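Examining the three-dimensional arrangement
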Amino acid sequence: MADIVDNKDRTDKKSLNFIESIVERDIKDYPENKSILTRFPPEPNGYLHIGHAKSICLNFGLAEAYGGKCNLRFDDTNPETEETEYVDSIKEDIRWLGFDWENREYYASDYFDRLYDFAILLIKKGFAYIDDQSAEEVSATRGTPTKPGIESPYRGRPVGENLDLFERMKNGEFPNGSKLLRAKIDMSSPNMWLRDPALYRIKKVSHHRTGDAWCIYPMYDFAHGQSDYIEGITHSICTLEFEVHRPLYDWLLDHIAEGPRPHQYEFARLNLNYTVMSKRRLLELVNGKYVNGWDDPRMPTISAMRRRGYTPVSIRNFSERVGVAKRDNIIDVAFLEHAVREDLNKIAQRRMAVLDPVKLVIVNYTEGKVESLKARNNPENEEDGFREVPFGRELYIEREDFMEDPPKKFFRLVPGGEVRLKYAYIIKCEEVVKNPETGEIIEIRCSYDPDTKSGMTGSQRKVKGTIHWVSIDQSIKTEVRLYDRLFIDEDPAGKKDGTDFKDYLNPNSLKILKDVPVEPSIIGAKPLNKFQFERKGYFCLDPDSSSDKLIFNRTVTLRDTWAKKK
RNA sequence: UGUCCGAUGGUGUAACUGGCAACACGUCUGAUUUUGGUUCAGAAGAGUCCAGGUUCGAGCCCUGGUCGGACAACCA
């Protein structure tokens, strides 16, 4: 990971985000051999997205920076929504991003026995009770943020009875929803989470890891903090919506923990414009077939970004640069795109492909002759060397690279004008052949100057533009998928006018191009290999490709100041 | 009429114990360029939500507002 841009050199006084400041404050008091322990705690009920990537980079990055460790812990306390498929995808994504949790792969479900014991401890201390009210009653008596709740009639149940009932809950004696273990705190607290929150509920559902061993499962609030405590987490970092849970997090630990305890800190989650980030909405897009699965390259999931051609380095750089703070934010996708271009520019080999081809014939070039031209693989990295590109009398060029009536600053091919064919010759447009019926240009006829072959002194001649091309006879036909933003609105999910986020889906977010000619050196490309198609953008070989059908995903276009002028 | 959190160029973050607003993206010039890419040089753009106060001095501290967000699943 040496190629991560290191703008976080701790030897000089770089500015710290507020969490780093907290860590630096805390480690001052640590003994020599001790450091921080963080954790990334995903719930395996969906795929990870770019927002999770930020959290992963934060938690693992903090550990890395301060000589600590970061655990991977699955928060698997709700078997109804959790699946092994998600566990696997999450592990793959974290690994791909370049982080290693070594042997510290934990599950809240590993702690079900201890959590159960903690619950008994709480009951014995008189801090928890079994409530026989229905979910509706519990909800109705909770009050509102401005009105206090009403105490449950079962609140005063004796400890012995609570203990007995809790055990029988565990043994499966009661139906789902008939009983609930609640903390006994304060039904009139202004903090809703302190109004006797649920700790354990009955759910006769088999769990993806513990099977049918349990029919009661701990709630998030009871599982999370206690798991942090069990693992010896020092800094438990989560997003802002858990801020109101912190008093409960601390309350539980107050009554359970002995010795060193974890502390929770909250930061503002990452938001990106022109997309949605909640798992619920992403799941809706997947289930409703608005996209082709979790890894559809238009999705903001890590697996989708991987398939689209993003690199781990680019995502890590991005995550680092967006910063960590507590105020709400919406990051411009352009910022993300800048991060990929920056990395891809350095590592992607260049190839020529013509996305919207028009035939070009070089009238004075010998028929049937094929030359092999040398082309640099990557001007940003000389070690990538050269490849051979076949050149012949009939080529494809980009339709938009020719104009009969060009605007002032157009410096591509025009009637009677000259242009350089990259790596090849300077050509001059002599004639345009059109379909007499439609007026569509079907062929551009040019002459070439044999003295202007790249590398020859004649090639020094100044021409106004250089365009890319592909020799028709030697070209490989491929499929190219052009992606655009999934939504036409910056904040599709933030509407208060009753519209649904799906109302803002971009109907042109995917455009499939068939039979795109690419230079033959593309043969042998492997899934996820990244290329820059000269002047067009960065592309990545889709894993759905086969040896006789290559499919490319456009990761991102090149910066295009010309397109902006138009 | 509750509690908690937040507010700095278009966007995102900085500004160490108060010392005269910085960096990145974006935008706009210009140079270089066999990618209208990259690179390089430069510019514009905020006076820090508002009103008071403390201070020689406030984005940082205090008071009161305003605006935004979170919280009323047996979800996490």
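Above this text is the structure in question.
Everything in this summary refers to the structure shown in the same document. (Residues numbered from 1 in each chain as written. Chains lettered and ligands numbered in written order. Predicted model: local features only at pLDDT ≥ 70, side-chain atom pairs only at ≥ 80, totals over all residues. Heavy atoms only, no water.)

This part covers the overall build of chain A. The helix and strand tally for chain A stands at 13 helices and 24 strands. Relative to the compact-globule value of 24 Å for 566 residues, chain A shows a C-alpha radius of gyration of 31 Å, a clear excess of over 25%. With respect to the three principal axes, the spread of C-alpha positions in chain A is 100 × 60 × 40 Å. Residues counted as buried form 53% of the 566 residues belonging to chain A. For chain A, the exposed surface amounts to about 26,100 Å²; the carbon and sulfur share of it is 48%. For chain A, the separation between the mean place of its 87 positive charges and that of its 94 negative charges on side chains is 3 Å. (Helix = DSSP H or I, 4+ residues; strand = E, 2+ residues; numbered from the N terminus. Rg over C-alpha atoms; globule rule 2.2 N^0.38 Å. Buried < 20%, exposed > 50% of the residue type's maximum accessible area, 1.4 Å probe, protein only. Areas by Shrake-Rupley, 256 points an atom, 1.4 Å probe, with all protein chains shown as cover. Lys, Arg positive; Asp, Glu negative; His and termini not counted. Charge placed at Lys NZ, Arg CZ, Asp CG, Glu CD.)

Surrounding RNA strand B, one finds 70 residues, the nearest of these being Arg-350, Arg-412, Ser-454, Arg-535 and Lys-564. The sugar-phosphate portion of RNA strand B accounts for 64% of its atoms within 4 Å of the protein, the bases making up the rest. Separating a base nitrogen of RNA strand B from a backbone N or O atom of Lys-409 is a distance of 2.9 Å. Side-chain polar atom of Arg-420 to a sugar or linking oxygen of RNA strand B: 3.3 Å apart, as the coordinates give it. Elements with a minimum of two residues in the surface near RNA strand B: α5 (135–140), β6 (198–202), α12 (333–347) and α13 (561–565). Here the surface near RNA strand B is composed, by residue class, of 24 nonpolar, 21 polar and 25 charged. (Near = heavy atom within 4 Å. Polar contact = N/O pair within 3.5 Å; in protein donor to acceptor, adjacent residues only side chain to side chain. Nonpolar A, V, L, I, M, F, W, Y, C, P; charged D, E, K, R; others polar.)

A few words on the sheet that holds strand β2 (residues 69–74). Read from one edge of the open sheet, three strands run β1-β2-β3, paired in parallel fashion. Two strands lie at the open edges of the sheet, namely β1 (37–40) and β3 (105–107), each paired on one side alone. Direction aside, the axes of adjacent strands within the sheet are offset by 35° on average. Two strands pair when backbone bridges link them, and β1 and β2 are joined in this way by four bridges, in the parallel orientation. The partner of Leu-37 across the bridge, within β2, is Lys-69. Helix α2 (residues 50–65) contacts β1 and β2 of the sheet and is inclined by roughly 160° relative to β1. Strands in contact with helix α3 (residues 84–97) are β1, β2 and β3; relative to β2, the strand with the most contacts, it is inclined by about 160°. (Pairing = 2+ DSSP bridges. Axes fitted to C-alpha atoms, helices over the stretch in contact; angles between N-to-C directions. Contact = heavy atoms within 4.5 Å.)

This structure, assessed with the given rule, holds 25 aromatic pairs. For the pair Tyr-425 and Tyr-448, a centre-to-centre distance of 4.7 Å together with 80° between the ring planes defines the contact as edge-to-face. Highlighted residues: Tyr-425 in the loop between β15 (418–421) and β16 (426–434) and Tyr-448 in strand β17 (residues 441–449), separated in sequence by 23 residues. Take Tyr-425 and Tyr-448: they sit in the same class, and that class is buried. (Phe/Tyr/Trp six-rings, centres within 6.5 Å; stacked < 30°, edge-to-face > 60°.)

Okay, empty space enclosed by the protein next. Evaluation of the coordinates by the stated rule reveals one cavity of 30 Å³ or more. Roughly 30 Å³ of internal volume is contained in the largest cavity. What lines the largest cavity is simply Tyr-220, Asp-221, His-245, Tyr-249 and Gln-264. (1 Å grid on protein atoms, 1.4 Å probe; cavity = no way out; pocket = protein on both sides within 12 Å on 5 of 7 lines; lining within 4 Å. Points joined across faces, edges and corners; volume = space filled by probe spheres on them.)

What follows is about the layout of surface pockets. Remark: the empty space left among the atoms is shown by a probe the size of a water molecule rolled over them. In this structure, the second largest pocket encloses a volume near 880 Å³. For the second largest pocket, the lining is made up of 33 residues, of which Pro-41, Glu-43, Glu-241, Phe-242 and Lys-279 are closest to its centre. Take the lining of the second largest pocket: its biggest share by element is four residues, from α2. Among the residues making up the lining of the second largest pocket, the classes are represented as 12 nonpolar, 11 polar and 10 charged.

Our focus in this paragraph is the sheet that holds strand β22 (residues 530–533). The strand order β10-β22-β23-β24-β20-β21 describes an open sheet built from six strands, whose pairing is mixed. On the outer flanks of this sheet lie β10 (349–351) and β21 (510–518), each paired with one strand and no other. Adjacent strand axes in the sheet meet at a mean angle of 35°, parallel and antiparallel pairs treated alike. In this structure, β10 lies alongside β22, joined through three bridges in parallel fashion. Paired with Arg-351 across the strands is Phe-533, a residue of β22.

What follows deals with helix α1 (residues 18–27). Along α1, the residues that are buried comprise Ile-19, Glu-20, Ile-22, Val-23 and Asp-26. The buried side chains of α1 occupy one side of the element, clustering within an arc of 155° when seen end-on. On its buried face, α1 sits against α2, β8 (235–239) and β9 (263–267). Its side-chain oxygen at 3.0 Å from the backbone nitrogen of Ile-19, Asn-17 defines the N-terminal cap of α1. (Arc of directions from axis to C-beta.)

Nothing here speaks to function; it is all geometry.
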